[in-house]
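Coordinate analysis (summary)
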Amino acid sequence: SVLPEIATVVFITTLTAAIDVSILSALNPHLSVRTDNEMMNNSFGLLACGLVCSPPAVTDASSSVIFKNFGARSRWMQVGSCAVLVAILPVGPIVISYVPIILLGAAVFMVIFQMTYEWIYKSIRQLALEDKIIILLILSTVIFLGFVEGVLLGIIVTPLLFVLRYSFISAIHSQHNIGDYRSSVERSSVDNAILNSHANETLIVMLRGYLFFGTSDTIRETLLEKINEGHHSSILLDLRRVTGIDGSAMQVFRQIKQLCDSNGILLIYSSVSESARERLASLGAVSFEDGNALIFSDIDFAVEWLENRILIENKDRIDVDSVRDHIENILGDGAKAELLSSLMIPVKLSKGEKLFQQGDADNGIYVLESGE
């Protein structure tokens with residue numbers, strides 16, 4: 001019967017502990033406060049308070065702020081204030097009985113007025129309109145229905161507001177093609193010319209944020225517009241900046257795959273987590289080649305695959321220039337190119353054989369005649 005109250009206490013203590021950690025960090029900007037350690041220490045403090053029937057969230061970081069402003073350099077001020085409270089505990093009710101009721105009423109009124117002024121008027125003016133409305137709704141619920149109901153209202157309304165706000169943030173970080181976004185593979189000038197001439201056949205879309213029903217529709221509409229206006233043969237979706245994907249976004253990816261299939265377009269992914277990789281493959285939201293899903297661990301590998309695909313499809317157009325031609329294109333002088341090329345030694349390697357790799361000692365200048 002008291003489960004709602006227990007859940008409310010847990011929620012309040014957790015929220016208070018997080019606020020206390022923020023206050024401690026603000027006390028000394030030069031102090032490195034580890035959130036995990038502070039939350040653990042705060043939790044032990046709350047458990048210790050609970051053993052002596054203390055109210056929930058009784059740990060009060062604001063007292064540390066007050067003591068610091070008073071110039072306290074040790075814990076003796078906190079210990080002294082606690083000792084005074086303990087000392088007056090047995091005689092407190094007797095002393096209070098001699099205090100005029102009007103004085104007690106005025107003190108309580110001033111405390112309530114000050115809190116109302118600070119939290120309902122002064123602080124709320126710095127918030128957005130929707131935040132003000134939520135605070136007033138929660139306050140009204142607490143006053144007229146109860147504290148637990150007010151907390152539940154806040155828990156329900158706040159995520160809805162988050163979804164609404166997040167929906168206005170575009171999930172598309174940037175759009176490219178292989179003309180302006182290339183892999184790290186060094187290619188010959190002929191290969192680069194071919195890739196540049198076919199750059200518009202590829203579309204590279206970098207996504208970001210948490211993908212859910214509020215943001216994934218934007219991705220679908222954007223890709224549909226791109227498909228209708230261009231002649232793309234492949235679309236690459238990079239998820240490097242994506243923090244999470246829910247089920248509705250996965251279904252949108254499946255719909256995008258169907259759009260690509262109907263237009264003869266390959267749908268490729270890069271920088272995908274292992275769990276998301278399995279879900280995309282099982283939903284049929286990715287293109288396959290030779291029985292393998294076209295999902296790459298890194299965008300560089302994905303773009304390299306796109307480049308190789310274009311070069312293979314256009315290999316008949318590749319006219320291999322000589323080393324002399326390459327040097328003349330670089331120097332812009334035929335005589336110098338002839339002299340330099342006559343001094344160079346040709347090196348031929350079989351497929352898969354390495355000329356050098358990163359970390360090797362420098363042993364010369366190489367001009368790539370063909371290959372990569």
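Here's a quick rundown of the structure. Remember, predicted model here, so these are calculated numbers, not experimental data. (Residues numbered from 1 in each chain as written. Predicted model: local features only at pLDDT ≥ 70, side-chain atom pairs only at ≥ 80, totals over all residues. Heavy atoms only, no water.)

**Looking at the overall build of the protein**
- Within the protein one finds 15 helices and seven strands.
- Computed over the C-alpha atoms, the radius of gyration of the protein is 34 Å, more than 25% above the 21 Å expected from 2.2 N^0.38 for a compact globule of 372 residues.
- Taken along its principal axes, the extent of the C-alpha atoms in the protein is 110 × 50 × 35 Å.
- For the protein, the proportion of its 372 residues judged to be buried stands at 28%.
- Long-range pairs, those at least 24 residues apart, make up 70% of the contacts in the protein between residues at least 6 apart in sequence.
- Carbon and sulfur atoms make up 63% of the accessible area of the protein, which totals about 24,600 Å².
- Averaging the positions of the 27 positive and the 41 negative side-chain charges in the protein gives two centres separated by 6 Å. (Helix = DSSP H or I, 4+ residues; strand = E, 2+ residues; numbered from the N terminus. Rg over C-alpha atoms; globule rule 2.2 N^0.38 Å. Buried < 20%, exposed > 50% of the residue type's maximum accessible area, 1.4 Å probe, protein only. Contact = heavy atoms within 4.5 Å. Areas by Shrake-Rupley, 256 points an atom, 1.4 Å probe, with all protein chains shown as cover. Lys, Arg positive; Asp, Glu negative; His and termini not counted. Charge placed at Lys NZ, Arg CZ, Asp CG, Glu CD.)

**A look at the nonpolar core**
- Grouped together as the largest cluster of nonpolar side chains are 29 residues, with contacts concentrated most on Leu-207, Leu-211, Ile-235, Ile-245, Phe-253 and Tyr-269.
- Per element, the largest residue contribution to this core is six residues, and it comes from helix H11 (residues 247–262).
- Non-local contacts of Ile-235, meaning those with residues more than four positions away in its chain, are made with Leu-203, Leu-223, Ile-227, Cys-260, Ile-265, Leu-266, Leu-267 and Ile-268.
- Ala-199, Ala-302, Val-303 and Leu-311 belong to the second-largest nonpolar core, a separate cluster that totals 19 residues. (Core = buried A, V, L, I, M, F, W, Y, C linked by side-chain atoms within 4.5 Å.)

**So, the pattern of salt bridges**
- For the coordinates displayed, the defined rule picks out ten salt bridges.
- The closest approach of N and O atoms between Asp-261 and Lys-257, which form a salt bridge, is 2.6 Å. With a gap of four residues between them, Asp-261 and Lys-257 both fall in helix H11, about one helical turn apart.
- On the basis of relative accessibility, which here comes to 44%, the residue Asp-261 falls in the partly exposed class.
- Between Arg-309 and Glu-313 there is a salt bridge, and its shortest N-O distance comes to 3.6 Å. Of the two residues, Arg-309 and Glu-313 are both situated in helix H13 (residues 299–313); the distance of four residues between them amounts to about one turn of the helix.
- The class for Glu-313 is partly exposed, based on a relative accessible area of 47%.
- Residues joined in a network through salt bridges with shared partners are Arg-182, Arg-187 and Glu-307. (Salt bridge = Lys/Arg side-chain N within 4 Å of Asp/Glu carboxyl O.)

**Here's the deal with the sheet that holds strand E2 (residues 202–211)**
- On the basis of which strands lie adjacent, the open sheet formed by five strands has the order E1-E2-E3-E4-E7 and mixed pairing. The open sheet has two edge strands with one neighbour each: strand E1 (172–176) and strand E7 (295–296). (Pairing = 2+ DSSP bridges.)

**Things to note about the state of the cysteines**
- Considering all chains together, one arrives at zero disulfides under this definition.
- Cys-49 provides the cysteine sulfur closest to Cys-53, a residue in no disulfide bond, and the two sulfurs are 11 Å apart. (Disulfide = S-S within 2.5 Å.)

**What to know about the pairing of E2**
- Most of E2 sits out of view: eight of its ten residues are buried.
- Two elements, E1 and E2, share four bridges in a ladder whose sense is antiparallel. Bridging across to E2, His-176 finds its partner in Ile-204.
- Where E2 and strand E3 (residues 234–245) come together, nine bridges link them in parallel fashion. Across the sheet, Tyr-210 pairs through a bridge with Gly-244, a residue of E3.

**What about a nonpolar patch on the surface?**
- A cluster of nonpolar side chains, contributed by Phe-11, Leu-15, Ile-19, Leu-152 and Ile-155, occupies part of the molecular surface with about 430 Å² of accessible area.
- Looking at the nonpolar patch, the elements that each hand over two or more residues are helix H1 (3–27) and helix H8 (147–167).
- The element contributing the most residues to the nonpolar patch is H1, with three residues.
- If you trace the backbone, Leu-15 turns up in helix H1.
- By relative accessible area, which is 44% here, Leu-15 ends up partly exposed. (Patch = residues over 30% accessible without salt bridge, like charges linked within 9 Å, V, L, I, M, F, W, Y side chains within 5 Å.)

**Quick look at the environment of Ser-273**
- In this fold, Ser-273 is placed in the loop between strand E4 (266–270) and helix H12 (274–283).
- Spatially, the C-alpha atoms of Ser-273 and Arg-240 are 9.1 Å apart, while their sequence positions differ by 33 residues.

**Some words on the side chain of Ser-234**
- Within the secondary structure layout, Ser-234 lies in strand E3.
- Residue classification places Ser-234 among the buried residues on the basis of a relative accessible area of 1%.
- Setting aside chain neighbours within four positions, we find Ser-234 in contact with Glu-201, Thr-202, Leu-203, Ile-265, Leu-266, Ile-268, Leu-306 and Arg-309.

**Notes on helix H6 (residues 101–122)**
- For H6, spanning 22 residues, the distance from its first C-alpha to its last is 30 Å, which sits close to the expected 32 Å at 1.5 Å a residue.
- The largest bend along H6 measures about 25 degrees and falls at Thr-116. (Expected span 1.5 Å × (residues − 1). Bend = angle between axes of the 7 residues up to and from the residue.)

**A look at unusual backbone geometry**
- Even without a glycine there, the phi angle at Ser-271 is positive, about 55 degrees.
- Mapped onto the secondary structure, Ser-271 falls in the loop between E4 and H12.
- Positive phi, normally seen in glycine, also occurs at Asp-290, with a value near 55 degrees.
- Note on placement: Asp-290 falls in the loop between strand E5 (288–289) and strand E6 (292–293).

The quantities given are spatial measurements derived from coordinates; they are silent on function.
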